[in-house]
There are 2 protein chains.
Amino acid sequence: MSRKTFQRLSLDERRRSMLEATLECIAQHGLDGATARRIAERANVTAGLIRHYFGSKEDMVLAAYGYLVGQLTMQAAQASGQDATHPERRLARFIIANVTPPNLSDRNVSLWATFIGRIRALPSYADIHRESYRDFLDLLETMIHAVMAARQRPVSAEACQDQAVALNGLIDGLWLEGSLDHGLYAADRLPRIALTAAAGILSLPADALSIHLEPHADTPPDRN
Amino acid sequence: MSRKTFQRLSLDERRRSMLEATLECIAQHGLDGATARRIAERANVTAGLIRHYFGSKEDMVLAAYGYLVGQLTMQAAQASGQDATHPERRLARFIIANVTPPNLSDRNVSLWATFIGRIRALPSYADIHRESYRDFLDLLETMIHAVMAARQRPVSAEACQDQAVALNGLIDGLWLEGSLDHGLYAADRLPRIALTAAAGILSLPADALSIHLEPHADTPPDRN
DNA sequence: ACTGTTGTTATACGACAGTATAACAACCAT
DNA sequence: ATGGTTGTTATACTGTCGTATAACAACAGT
């Protein structure tokens, strides 16, 4: 009877691995089924480490929420690309990224919904949500503004914010319902649906955004 | 030391009161905090009744989910009115109902999100969600079709369904983010935002739907 | 009134949750 | 090499969870 052999990890590595185990357990078994022991087992540690790194299980779950939204927004922002010279392509890519895998996944939506459901009971969750929502909204508003500027269509700041709110709602809703694969329509229709609807919301020509559906490569197809 | 005095209720009344207690507890304390004892206390019964009426706590919670979505869709459908002679007004009212109280409430969103978060772990939840989603989608599709017919604008069934999916996403997203009152914008801006965006998605004139924002009374203001 | 049925209460029980504590071993500094 | 630090394991403990069971009481049929 010997003790389990183990490896000392750096603070960041250990934390990250435990947070990922937390998310995995919640996604797979629900919040109820995500017990301290099960999470620890998945992270290949013992339950005592939770206290050592996060103080309590509740604090670890909260940290896992922050970790999740951080990953989600980073993923979407990266997918949109940094190419600022084609505002409409940038916006289109951003929208597409939000309604296609890996961002579109039942795992992500399950986790997200689970945490949203705790906001009302535990105010700490509200703070994280508010921040991530504001980030997303700001990102959208900037992109919309760029699109309008390129088309030399002046819009008031207020109208631009309204459009950002609406666009955010559209993206959120499509991401959500699209991820819970209910078999009511094929998920590959989502990008086209999203882009056409977004163009409508922004009063652009119907195909102004869906034009950019084709290119899958990182390199833009135009010469310059 | 005498026993608690009690009153025999009909099957439906008792069930409903226990389901409502379940929802209230989940909304207030989260799924973790909604223990069988706490729910029973709120319903003014003892925990043993859960077994008697639902077999198990898990089955009761599932029934509560069904009860919730039933209430939500009924509420929205009623608010849209039965007046089929003004398709655009009907659609507008339906949209407004979804982004204003009592449908817009953090309680409802908290509950909804909590249940959505369980879909992946417990397939029974997926069935309920799928059914309610389909109902909502069908409702929207019918309304959109009526609007287009009244404008004598022929649209293919496929295009109509795409618009319904997009509109549903918009409504879902705005309802969701609007309910979690994050203080980033005033909730009373939502109806106008939603109607304008919806008009855009359907390629209608920008104010085609928001025209119907004003009338609060049940009686339409036009003579006929 | 009385009696039978069953909705409802009261209580007990096993299981397992989260966590506090102490022993231990991996790694670093020397 | 070796000692010290502390990340990590192992275990025990307390509370409370869901639920099974038995006693009880409200109401209906007579």
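Heads up: the structure comes first, above all this text.
The numbering scheme is per chain: residues are counted from 1 as the chain's sequence reads. Whichever chain is written first becomes A and whichever ligand is written first becomes 1, with later ones labelled in order. Whole-chain, interface and lining totals are the exception, using all residues; otherwise, since this is a predicted model, local features are given only for residues with pLDDT of at least 70 and side-chain atom pairs are given and counted only at 80 or more. Only hydrogens and water are set aside; all other atoms, that is, all heavy atoms of the structure, feed into the side-chain values.

Caption draft 1: Spatial organisation of the overall build of chain A. In terms of helices and strands, chain A carries nine helices and zero strands. What counts as a helix is a DSSP run of H or I of at least four residues, what counts as a strand is a run of E of at least two, and both are numbered from the N terminus. When the helices and strands of chain A are listed from N to C terminus, the series reads α-α-α-α-α-α-α-α-α. Three exposure classes are used, based on accessible area relative to the maximum for each residue type with a 1.4 Å probe and protein chains only: buried under 20%, partly exposed in between, and exposed over 50%. In chain A, which comprises 224 residues, the proportion classed as buried is 49%. Considering only intrachain contacts with a sequence separation of at least 6, the fraction spanning at least 24 residues in chain A is 68%. Carbon and sulfur atoms provide 51% of the accessible area of chain A, an area that totals close to 11,200 Å². Only four residue types enter the tally: Lys and Arg on the positive side, Asp and Glu on the negative side, with His and both chain ends excluded. Lysine's charge is taken at NZ, arginine's at CZ, aspartate's at CG and glutamate's at CD. Looking at chain A, you have 24 positive and 26 negative side-chain charges, and the mean spots of the two groups are 8 Å apart. In what follows, residue pairs with any heavy atoms lying within 4.5 Å of each other are defined as contacts. Each accessible area value is a Shrake-Rupley result obtained with a 1.4 Å probe; residue values ignore everything except the protein chains displayed when judging cover.

Caption draft 2: Quick look at helix α8 (residues 157-179) of chain A. Helix length check: α8 of chain A, at 23 residues, gives a terminal C-alpha distance of 32 Å against a target of 33 Å (1.5 Å per residue), a fit within 8%. Across the 23 residues that make up α8 of chain A, a large majority, 18, are buried. A helix is expected to span 1.5 Å for every residue after the first.

Caption draft 3: Main features of the relation of the copies chain A and chain B. For the least-squares superposition of copies, only C-alpha atoms count, and only for residues with pLDDT at least 70 in both. Its rotation angle being 180°, the transformation that places chain A on chain B also includes 0.0 Å of axial translation and leaves an RMSD of 0.0 Å. Accordingly, the operation relating the two chain copies is best matched by a two-fold axis. When you check the interface residues of chain A against chain B, 100% turn up at the interface there too, and the contact is symmetric in its surfaces.

Caption draft 4: Quick peek at the pattern of salt bridges. Throughout this description, the term salt bridge denotes a Lys or Arg side-chain nitrogen within 4 Å of a carboxyl oxygen of Asp or Glu. Under the definition given, this model contains 14 salt bridges over all chains. For R118 of chain A, the salt bridge goes to D32 of chain B, with nearest N and O atoms at 3.2 Å. On the criterion of chain membership, the pair formed by R118 of chain A in the loop between α6 (106-116) and α7 (123-150) and D32 of chain B in helix α1 (residues 11-33) is interchain, its members lying in two chains. Of the residues examined, R118 of chain A reaches a relative accessible area of 9% and is grouped as buried. Between D127 of chain A and R130 of chain A there is a salt bridge, with its nearest N and O atoms 3.4 Å apart. Of this pair, D127 of chain A and R130 of chain A both sit in helix α7, three residues apart, which is roughly one turn of the helix.

Caption draft 5: Representation of the interface of chain A and chain B. Facing the 46 residues of chain A at the interface are 47 residues of chain B. When two parts are brought into contact, each loses some accessible area as probed by a 1.4 Å sphere; the total of that loss over both is the buried area. Among the residues chain A hides against chain B, the three largest losses belong to R120, E177 and L184 of chain A. Together they make up 16% of the total. Along the contact surface separating chain A from chain B lie six salt bridges. The partner of R189 of chain A in a salt bridge is D162 of chain B, and the shortest N-O contact between them spans 2.3 Å. Here a polar contact is taken to be a pair of N or O atoms separated by no more than 3.5 Å, where protein atoms must pair a possible hydrogen donor with a possible acceptor and residues adjacent in sequence count only if both atoms sit in side chains. Summed over the shared surface of chain A and chain B, the result is 15 residue pairs in polar contact (both at pLDDT 80 or more). The leading source of residues in the side of chain A that touches chain B is α8 of chain A, at 13 residues.

Caption draft 6: Summary view of the protein's contact with DNA strand C. Close contacts around DNA strand C come from 25 residues, with R8, A36, R51 and K57 of chain A together with Y53 of chain B the closest. Of all atoms in DNA strand C that approach within 4 Å of the protein, 67% are sugar or phosphate atoms. At a separation of 3.0 Å, a base oxygen of DNA strand C approaches a polar side-chain atom of R3 of chain B. One of the backbone nitrogen or oxygen atoms of K4 of chain B is found 2.8 Å away from a phosphate oxygen of DNA strand C. Elements represented by at least two residues in the surface near DNA strand C include exactly α2 (36-42) of chain A together with α3 (48-54) of chain B. When residues of the surface near DNA strand C are assigned to their parent elements, the largest contribution, three residues, is made by α3 of chain B. As a working rule, the residues Ala, Val, Leu, Ile, Met, Phe, Trp, Tyr, Cys and Pro are called nonpolar, Asp, Glu, Lys and Arg charged, and the rest polar, with Gly in that last group. Of the residues contributing to the surface near DNA strand C, the split by class is eight nonpolar, seven polar and 10 charged. Think of it this way: one heavy atom of a residue within 4 Å of a molecule or strand is enough to make that residue near it.

Caption draft 7: Structural view of the environment of L180 of chain A. With respect to the helices and strands, L180 of chain A occurs in the loop between α8 and α9 (190-201). Take L180 of chain A: its relative accessible area is 7%, and that puts it in the buried class. Along the chain, L180 of chain A and S124 of chain A lie 56 residues apart, while their C-alpha atoms are 27 Å from each other. When sequence neighbours within four positions are dropped, the list of residues in contact with L180 of chain A reads V109 of chain A together with I116, I119 and H129 of chain B.

Caption draft 8: Structural detail: α6 of chain A. Burial analysis of α6 of chain A places nine of its 11 residues in the buried class, which makes it a mostly covered element. N108, V109, S110, L111, W112, A113, T114, F115 and I116 of chain A are the residues of α6 of chain A that are buried. Among the structural elements, α1 (11-33), α4 (57-80), α7 and α8 of chain A together with α6 (106-116) and α8 (157-179) of chain B are those in contact with the buried residues of α6 of chain A.

Caption draft 9: Expanded view of the protein's contact with DNA strand D. Of all residues adjacent to DNA strand D, which total 27 residues, the nearest are Y53 of chain A together with R8, A36, R51 and K57 of chain B. Close to the protein, within 4 Å, the atoms of DNA strand D belong to sugar or phosphate groups at a rate of 68%. One nitrogen or oxygen atom from the side chain of Y53 of chain A is found 2.6 Å from a phosphate oxygen belonging to DNA strand D. Within the contact set of DNA strand D, a phosphate oxygen lies 2.5 Å away from a side-chain nitrogen or oxygen of K57 of chain B. Contributing elements (two or more residues each) for the surface near DNA strand D: α3 (48-54) of chain A together with α2 (36-42) of chain B. For the surface near DNA strand D, the element with the highest residue contribution is α3 of chain A, accounting for four residues. Taken together, the residues of the surface near DNA strand D break down into eight nonpolar, nine polar and 10 charged.

Interpretation in functional terms is not warranted from these geometric data alone.
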